[in-house]
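# Structure at a glance
As a plain string of letters, each chain reads:
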Amino acid sequence: MSPVKVISQQPPGGRCGLYTRYAQAIEALTGWPHSVLHTETRDAHGEGFPSLVIRGVSLQPEDAFILTPEEICSHLAGLDIAPATLDALMARLRTIHDDFMKPLAG
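A brief look at the structure comes next. It should be emphasised that the depicted structure is a prediction, and the values quoted were computed from it without experimental measurement.

### Section: the side chain of Glu71
Relative to the elements of secondary structure, Glu71 occurs in helix H2 (residues 69–77). It turns out Glu71 is buried and unbridged, and the closest side chain with the opposite charge, Arg15, is 10 Å from it. Among residues more than four places away in sequence, those in contact with Glu71 are Gln60, Pro61, Glu62, Asp63 and Ile66.

### Quick notes on the sheet that holds strand E1 (residues 4–8)
Spatial strand order, E2-E1-E3-E4: 4 strands in an open sheet with mixed pairing. Looking at the sheet topology across the chains shown, the edges are occupied by strand E2 (34–38) and strand E4 (57–58). The pairing of E1 with E2 spans 5 bridges and is parallel. Bridge assignment links Lys5 to a residue of E2, and that residue is Ser35. Against the sheet, helix H1 (residues 14–30) contacts E1, E2 and strand E3 (51–54), and its axis sits at roughly 165° relative to E1.

### Details of the pairing of E1
It is a general feature of regular strands that their side chains alternate between the two faces of the sheet. The element E1 is largely enclosed, with a buried count of 5 among its 5 residues. Inspection of the sheet shows E1 paired to E3 by 4 bridges, in the antiparallel sense. Bridge pairing links Val6 to Leu52 in E3.

### Description of the environment of Ile81
Counting through the fold element by element, Ile81 comes out in the loop between H2 and helix H3 (83–101). In this structure Ile81 comes out as buried when scored by relative accessible area, which is 12%. Sequence separation between Ile81 and Leu29 is 52 residues, and the spatial gap between their C-alpha atoms is 10.0 Å.

### What about the packing of H1 against H3?
The geometry of H1 relative to H3 is characterised by a closest axis approach of 10 Å and an angle of 160° between their N-to-C directions. Here H1 lies roughly antiparallel to H3, going by the angle between them. Crossing angle aside, the handedness with which H1 passes H3 is right-handed. On H3, the residues touching Gly14, Arg15, Leu18, Arg21, Tyr22, Ala25, Ile26, Ala28, Leu29 and Thr30 of H1 are Thr85, Ala88, Leu89, Arg92, Leu93, Ile96, His97 and Phe100. In the contact of H1 with H3, the residues fall into 11 nonpolar, 4 polar and 3 charged.

### Comments concerning the packing of aromatic side chains
Going through the model one piece at a time under the given rule, you end up with 1 aromatic pair. With 6.0 Å between their ring centres and 15° between their planes, Tyr19 and Tyr22 make a pair best called stacked. Here Tyr19 pairs with Tyr22, and both are found in helix H1, just 3 residues apart, close to one helical turn. In terms of burial, Tyr19 and Tyr22 fall into one category: buried. Seen from the ring of Trp32, Arg55 lies directly overhead, with NZ or CZ sitting 4.1 Å from the centre.

What counts as what
Counting from 1, residues in each chain are numbered in the order their sequence is written. In keeping with the predicted nature of the model, local features appear solely for residues at pLDDT of at least 70, side-chain atom pairs appear and are counted solely at 80 or more, and the whole-chain, interface and lining totals rest on all residues. Based on all heavy atoms of the structure, the side-chain values leave hydrogens and waters out of the count. Working definition: helices are DSSP H or I runs of at least four residues, strands are E runs of at least two. Numbering for both runs from the N terminus. Only protein chains enter the calculation, and the probe is 1.4 Å; a residue is then buried if its accessible area is under 20% of its type maximum, exposed if over 50%, and partly exposed in between. By the counting rule applied here, Lys and Arg register as positive and Asp and Glu as negative, while His and the ends of each chain are not counted. A side-chain nitrogen of Lys or Arg and a carboxyl oxygen of Asp or Glu constitute a salt bridge if their distance falls within 4 Å. Throughout, a residue-residue contact means that at least one pair of heavy atoms, one from each residue, lies within 4.5 Å. Pairing between strands is defined by DSSP: at least two bridges between the two strands are required. Fitting a line to C-alpha atoms yields each axis, with helices limited to the stretch in contact; the angle taken between N-to-C directions then spans 0 to 180 degrees. Working definition: roughly parallel below 35 degrees, roughly antiparallel above 145 degrees, roughly perpendicular at 65 to 115 degrees, and oblique for all remaining angles. In this scheme the crossing of two helices becomes right-handed for a clockwise turn of the near helix relative to the far one and left-handed for an anticlockwise turn of less than a right angle. We call Asp, Glu, Lys and Arg charged. Ala, Val, Leu, Ile, Met, Phe, Trp, Tyr, Cys and Pro are nonpolar, and the rest, Gly among them, are polar. The pairing test for Phe, Tyr and Trp rings, Trp by its six-membered ring, is centres within 6.5 Å, and the orientation test on the planes gives stacked under 30 degrees, edge-to-face over 60, and tilted for anything in between. In this analysis the charged atom, NZ for Lys or CZ for Arg, is taken to sit over a ring once it is within 6 Å of the ring centre and within 35 degrees of the ring normal.

The structure is reproduced here in structure tokens:
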């Protein structure tokens, strides 16, 4: 099993696509491979789509809607990721998040 898993609908929607891009960034900077599991089960931030699971933990967004870079990096900080890697990852995740949010901002 991959250390980083995205549970997505097929075809991916907004958050499913966002979480896949997050997973790709995590893989690029940590070397942890990611996988995408497609399902028809809707269970946001659980065992259905959309979910981002890192090292067996389904991350839970504070606002119950969308994971932020800060929430992801907070979880990763407890997994012995080097500070420089966390800083680089935060910057990349913020760019991904900001790009996702632009159309929603108006």
